[in-house]
Amino acid sequence: MTVFLLMLGMLFGQGFEDTEVFFREAREVHVPVIMYHLVTEKPGQVGKYGIRPGEMEADLVFLRDNGYVTVFMQDLIDFVEEGRPLPEKPIVLSFDDGNFSDYLYLLSLFVEYDMKAVLAVTGKFADDSSKKFAENPKLRYPNTTWAQVKELHDSGHFEIQNHSHNLHSKGGSGEKRGEAVADYHSRLAADLQKLQDLCQQHIGVAPTTFVYPLGVIGKDSRRVLEDLGMKASLSCFEGKNMLRKGDRDALFEMHRFNRPSGTTVKAILDRIK
């Protein structure tokens, strides 16, 4: 193969390194994204959006044993914008909302298996949990505090992304009935910027990706995201993601497959194929 590349490079008047770049630029990369929400031991919360810790660990074992490499959204952005190579079998594991289970279960599991995850934090949830924790640190609250979000970020195994500051409990990030597009854009920008500022304040980094709450996508919302400096977004629609260098459109409204209890990540990946 090396001889072939050298000969092809000579044919086109290129060196070997240029030929490698040519092949990398021409190659599409398939990146599955798995969407998780809650990891819990409470039977009543296990179901479509809640899985048991054992199921989560089984997913990580399968991925490790079958050559998958977990990546951050920044890795995908770097591939598209700069051509930085991705692993042969990249996969994104995304967790929505900023549940306390992210801290309780995921931190130890992802450190043990040396894997990465994308955590989409809802700012209002983190604000409320931080306030309640300050008042009574002996109680356990349903969502992560900002201190816990920072600990997850600082571990190097978790990338914190924007799930809105306070749109998750208000029907998502779409426009309201009868709302003018300009008013919608201003409202969306103000909410998202608030969380951008909070992340910068608490963890020292502003998110690069917006994860649509409830999967609701408003009219021309991408323009708002780009105005705020975001490079990508994740939807709740299922489907394949094919990335190529220079194709920034592919980074927006990327597809995700929900991971319910009672199935396996293998079954989901087989569906994607």
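Scroll up to find the structure.
These figures come from a predicted structure and were not determined experimentally.

S.K.: Quick one: what's the story with the layout of surface pockets, residue by residue and with numbers?
M.R.: In this structure, the largest pocket encloses a volume near 300 Å³. Lining the largest pocket we find 14 residues, and of these Thr40, Lys42, Gln45, Phe100 and Arg140 sit closest to its centre. For the lining of the largest pocket, the secondary structure elements donating two or more residues are β3 (38-39) and α5 (100-112). Looking at the lining of the largest pocket element by element, the count peaks at four residues for α5. Class assignment of the residues belonging to the lining of the largest pocket gives a composition of seven nonpolar, four polar and three charged.

S.K.: Break down the pattern of salt bridges for me, citing the residues and quoting the values.
M.R.: One pass over the structure, following the stated rule, counts 18 salt bridges. Residue Arg222 pairs with Glu226 through a salt bridge whose shortest N-O separation is 3.3 Å. Of the two residues, Arg222 and Glu226 are both situated in helix α9 (residues 221-227); the distance of four residues between them amounts to about one turn of the helix. By relative accessible area, Glu226 is classed as partly exposed at 39%. Among the salt bridges present, the one from Asp270 reaches Lys266, with a minimum N-O distance of 2.9 Å.

S.K.: Provide a residue-level description of the packing of helix α3 (residues 53-65) against helix α10 (residues 265-272), including the pertinent values.
M.R.: Interhelical geometry of α3 versus α10 gives an angle of 55° and a closest axis separation of 9 Å. The orientation of α3 relative to α10 falls into the category oblique. Taking contact as the criterion, the partners of Asp59, Phe62 and Leu63 in α3 are, on α10, Val265, Lys266 and Leu269. When grouped by side-chain class, the residues that make up the contact of α3 with α10 number four nonpolar, no polar and two charged.

S.K.: Explain the nonpolar core to me, using residue names and the numbers behind them.
M.R.: Core analysis: the biggest nonpolar cluster contains 36 residues, and Ile34, Met56, Leu93, Phe95 and Phe110 have the highest contact counts within it. No other element matches the five residues that α5 contributes to this core. In contact with Leu93, other than residues within four places in its own chain, are Ile34, Tyr36, Leu60, Leu63, Thr70, Phe110, Lys116, Ala117 and Val118. By size, the runner-up hydrophobic cluster in this structure holds 31 residues, among which are Ile77, Leu188, Phe210 and Ala250.

S.K.: Lay out the packing of aromatic side chains with the relevant residues and their values.
M.R.: All chains considered together, the criterion is met by six aromatic pairs. Between Tyr36 and Phe95, the aromatic rings sit 4.6 Å apart at their centres with planes inclined by 10°, giving stacked as the arrangement. Residue Tyr36 is found in strand β2 (residues 33-36), and its partner Phe95 is found in strand β6 (residues 90-97); the two are separated by 59 residues along the sequence. Assigned by exposure class, Tyr36 and Phe95 land together as buried. Against the face of Tyr68 rests Lys89, its NZ or CZ located 4.2 Å from the ring centre.

S.K.: Please provide a residue-by-residue account of the environment of Gly98, values included.
M.R.: Its location among the elements puts Gly98 in the loop between β6 and α5. Considering only alpha carbons, one finds Gly98 and Asp75, 23 residues apart in sequence, at a separation of 21 Å. In this structure, Gly98 is in contact with Ala120, Val121, Asn143 and Thr144, ignoring residues within four places of it in sequence.

S.K.: Quick one: what's the story with the side chain of Asn166, residue by residue and with numbers?
M.R.: Position of Asn166 relative to the elements: it lies in the loop between β8 (158-162) and α8 (181-203). Judged by its relative accessible area of 19%, Asn166 falls in the buried class. In contact with Asn166, other than residues within four places in its own chain, are Lys124 and Asp191.

S.K.: Could you give an account of α8, naming the residues involved and the relevant values?
M.R.: Between the first and last C-alpha of α8 there are 32 Å, a value that for 23 residues agrees with the 33 Å anticipated at 1.5 Å per step. Those residues of α8 that fall on the buried side of the exposure criterion are Tyr184, His185, Leu188, Asp191, Leu192, Leu195, Gln196, Leu198, Cys199 and Ile203. In this structure, the buried side of α8 is in contact with β7 (117-121), α6 (123-135), α7 (146-154), β8, β9 (209-211) and α9.

S.K.: Kindly report on the pairing of β7, identifying the contributing residues and their values.
M.R.: Each regular strand carries side chains that alternate between the two faces of the sheet. The buried count for β7 comes to five of five residues, which makes it a mostly enclosed element. Burial along β7 is two-sided: Ala117, Leu119 and Val121 facing one way and Val118 and Ala120 facing the other are all buried. Taken together, the four bridges between β6 and β7 define a ladder with parallel strand orientation. Across the sheet, Ser94 pairs through a bridge with Val118, a residue of β7. Where β7 lies against β8, five bridges are found, and the strand directions are parallel.

Criteria and cut-off values
- Residues numbered from 1 in each chain as written.
- Predicted model: local features only at pLDDT ≥ 70, side-chain atom pairs only at ≥ 80, totals over all residues.
- Heavy atoms only, no water.
- 1 Å grid on protein atoms, 1.4 Å probe; cavity = no way out; pocket = protein on both sides within 12 Å on 5 of 7 lines; lining within 4 Å.
- Points joined across faces, edges and corners; volume = space filled by probe spheres on them.
- Helix = DSSP H or I, 4+ residues; strand = E, 2+ residues; numbered from the N terminus.
- Nonpolar A, V, L, I, M, F, W, Y, C, P; charged D, E, K, R; others polar.
- Salt bridge = Lys/Arg side-chain N within 4 Å of Asp/Glu carboxyl O.
- Buried < 20%, exposed > 50% of the residue type's maximum accessible area, 1.4 Å probe, protein only.
- Axes fitted to C-alpha atoms, helices over the stretch in contact; angles between N-to-C directions.
- Parallel < 35°, antiparallel > 145°, perpendicular 65-115°, else oblique.
- Contact = heavy atoms within 4.5 Å.
- Core = buried A, V, L, I, M, F, W, Y, C linked by side-chain atoms within 4.5 Å.
- Phe/Tyr/Trp six-rings, centres within 6.5 Å; stacked < 30°, edge-to-face > 60°.
- Lys NZ or Arg CZ within 6 Å of the ring centre and 35° of its normal.
- Expected span 1.5 Å × (residues − 1).
- Pairing = 2+ DSSP bridges.

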